[in-house]
Amino acid sequence: MKKFSIVIASLMFSGAASAIQFPTSGLLIQQDCLNLNEDVRLNLTAGVVAGVNCRSNSTNPLLPNRVAIAACHTAGMLKSRSITQRTDTTVTPNVVVTGCVVGTDAGCAVSTVSGASVPGATTLAGTVNIGFPGTGSCTVGVADTAAGAL
């Protein structure tokens, strides 16, 4: 989680659109993600894969520029479990937020999920949220798809 914060904190806006997969640690080159001010090194621990998605409003003026990153562990939990979540309608597009408090947070409910958990964050909100795509095990493709959906 700490590495997500470091990467997100170092992101700056400019333009273009791209999706980059990281099956291992690597360098996110500014030319591949023009929303970056400089190259950023992603340091992933063993078994962790990540996807980075750069979006520019030059392709769709209704969507803001942003960089999103999502990652998961290839040996992470897959069994069915209960979590709390709600849909945040104050942002566009709407975001499903996990870890809310039932009875305190409006719209918070207990849900059953299974498969890999995929933490992700964007330069729009800056906070790390956990997604459950329900796709079974974690792969670099799952992480990349999750980043694109943020």
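My aim in this report is to walk through the structure given alongside it, one point at a time. (Residues numbered from 1 in each chain as written. Predicted model: local features only at pLDDT ≥ 70, side-chain atom pairs only at ≥ 80, totals over all residues. Heavy atoms only, no water.)

1. Here's the deal with the environment of glycine 26
- You can see glycine 26 is positioned in strand 2 (residues 26-28).
- Glycine 26 sits in the buried class, given a relative accessible area of 11%.
- Sequence separation between glycine 26 and arginine 41 is 15 residues; the distance between their C-alpha atoms is 5.8 Å.
- If we ignore the near neighbours within four places in the chain, the residues touching glycine 26 are Val40, Arg41 and Leu42. (Helix = DSSP H or I, 4+ residues; strand = E, 2+ residues; numbered from the N terminus. Buried < 20%, exposed > 50% of the residue type's maximum accessible area, 1.4 Å probe, protein only. Contact = heavy atoms within 4.5 Å.)

2. Let's talk about the state of the cysteines
- Scanning all chains against the criterion turns up three disulfides.
- At a sulfur-sulfur separation of 1.9 Å, the disulfide partner of cysteine 72 is cysteine 138. Here the S-S torsion is close to 80°, and the disulfide linking cysteine 72 with cysteine 138 is therefore right-handed. Of this pair, cysteine 72 sits in strand 5 (residues 66-73) while cysteine 138 sits in the loop between strand 10 (129-131) and helix 2 (140-149), and the two are 66 residues apart along the sequence. Residues cysteine 72 and cysteine 138 agree in their burial class; the two are buried.
- Paired by a disulfide, cysteine 100 and cysteine 108 hold their sulfur atoms 2.1 Å apart. On the S-S bond that ties cysteine 100 to cysteine 108, the torsion sits near 85°, and the link is right-handed.
- Once the bonded cysteines of the protein chain are numbered in order along the sequence, the disulfide links fall as 1-2, 3-6, 4-5. (Disulfide = S-S within 2.5 Å.)

3. Points about the sheet that holds strand 4 (residues 48-55)
- If you trace the five strands from one edge of the open sheet to the other, you get 1-4-5-9-10, paired in antiparallel fashion. At either end of the open sheet lies a strand with only one pairing partner, and these are strand 1 (18-22) and strand 10. Adjacent strand axes in the sheet meet at a mean angle of 20° when their direction is disregarded.
- Note that strand 4 and strand 5 share eight bridges and pair antiparallel. Bridged to cysteine 54 within strand 5 is valine 67.
- Helix 2 rests against strand 1, strand 4, strand 5 and strand 9 (118-122) of the sheet, and its axis sits at about 30° to strand 4. (Pairing = 2+ DSSP bridges. Axes fitted to C-alpha atoms, helices over the stretch in contact; angles between N-to-C directions.)

4. Examining the sheet that holds strand 7 (residues 95-98)
- Read across the sheet, three strands follow the order 7-6-8 without closing on themselves; strand pairing throughout is antiparallel. Both outer strands of the open sheet, strand 7 and strand 8 (109-113), are each paired with one neighbouring strand and no more. In this sheet, neighbouring strand axes are inclined to one another by 50° on average, regardless of whether the strands run parallel or antiparallel.
- Pairing geometry for strand 6 (residues 81-88) and strand 7, over four bridges, is antiparallel. Across the sheet, residue threonine 87 finds its bridge partner in strand 7, namely valine 96.

5. What to know about the nonpolar core
- Ranked by size, the top nonpolar core spans 15 residues in total, and within it Phe22, Leu28, Cys33, Leu42 and Val52 carry the most contacts.
- Counting only elements with at least two residues in this core, the list comes to strand 1, strand 3 (40-42), strand 4 and strand 5.
- The next biggest cluster of nonpolar side chains, apart from the first, holds 11 residues, and it includes Val49, Val118, Ala143 and Ala146. (Core = buried A, V, L, I, M, F, W, Y, C linked by side-chain atoms within 4.5 Å.)

6. A few points about the side chain of arginine 66
- Checked against the element boundaries, arginine 66 lands in strand 5.
- For the buried arginine 66, no salt bridge exists, and the shortest N-O distance to an oppositely charged side chain is 9.4 Å, to aspartate 144.
- In this structure the side chain of arginine 66 is engaged in a polar contact, spanning 2.8 Å, whose partner is the side chain of asparagine 53. (Lys, Arg positive; Asp, Glu negative; His and termini not counted. Salt bridge = Lys/Arg side-chain N within 4 Å of Asp/Glu carboxyl O. Polar contact = N/O pair within 3.5 Å; in protein donor to acceptor, adjacent residues only side chain to side chain.)

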